[in-house]
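As a plain string of letters, each chain reads:
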Amino acid sequence: MGGLSPVLPEAVRAPWQPVLDLLEERYGPPADRPEPVVKMTSWVESHRGLSLEVFAARVQDDGVVAAVA
């Protein structure tokens, strides 16, 4: 089974290999790993290109809720 983490030593994987082979035979190969739920972005990307100064000015002019919206 190629989907297991390569950081696991062979001594840890070896006893489980028959079970893993049986599961793969019965249900097919494991699915690809899903995309992470949390994705790290920069401040600018996550706020549609607003610089900190522009965002702060909107907070001052319109209030926090309006600036966030």
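Bear in mind the structure is a predicted one, so any value in this text is a computation, not a measurement.

Quick notes on the rules
Residues numbered from 1 in each chain as written. Predicted model: local features only at pLDDT ≥ 70, side-chain atom pairs only at ≥ 80, totals over all residues. Heavy atoms only, no water. Helix = DSSP H or I, 4+ residues; strand = E, 2+ residues; numbered from the N terminus. Buried < 20%, exposed > 50% of the residue type's maximum accessible area, 1.4 Å probe, protein only. Areas by Shrake-Rupley, 256 points an atom, 1.4 Å probe, with all protein chains shown as cover. Salt bridge = Lys/Arg side-chain N within 4 Å of Asp/Glu carboxyl O. pLDDT = per-residue confidence, 0-100. Patch = residues over 30% accessible without salt bridge, like charges linked within 9 Å, V, L, I, M, F, W, Y side chains within 5 Å.

(A) Quick peek at the overall build of the protein. For the protein, the count of helices and strands is five helices and zero strands. Listed by position from the N terminus, the elements making up the protein come as α-α-α-α-α. Across the 69 residues that make up the protein, the buried fraction comes to 6%. Accessible area of the protein: about 6300 Å², with a carbon and sulfur share of 62%.

(B) Expanded view of the pattern of salt bridges. Inspection of the entire model under this criterion finds one salt bridge. Across the pair R13 and E10 runs a salt bridge, and its minimum N-O distance is 2.7 Å. With a gap of three residues between them, R13 and E10 both fall in helix α1 (residues 10–13), about one helical turn apart. Since its relative accessible area comes to 21%, R13 is described here as partly exposed.

(C) Structural view of the confidence of the model for the protein. Of all residues in the protein, 77% have pLDDT values of 70 or greater, and the mean over the chain is 78. Per-element mean pLDDT across the protein ranges from 54 in helix α3 (residues 43–46) up to 91 in helix α2 (residues 17–27).

(D) Region of interest: a nonpolar patch on the surface. The grouping of W16, V19, L23 and Y27 at the surface amounts to a nonpolar patch, some 470 Å² of accessible area in total. Mapped onto the secondary structure, V19 falls in helix α2.

(E) Expanded view of the environment of V54. Here V54 shows up in helix α4 (residues 52–62). Here the alpha-carbon distance between V54 and A67, two residues 13 residues apart in the chain, equals 9.6 Å.

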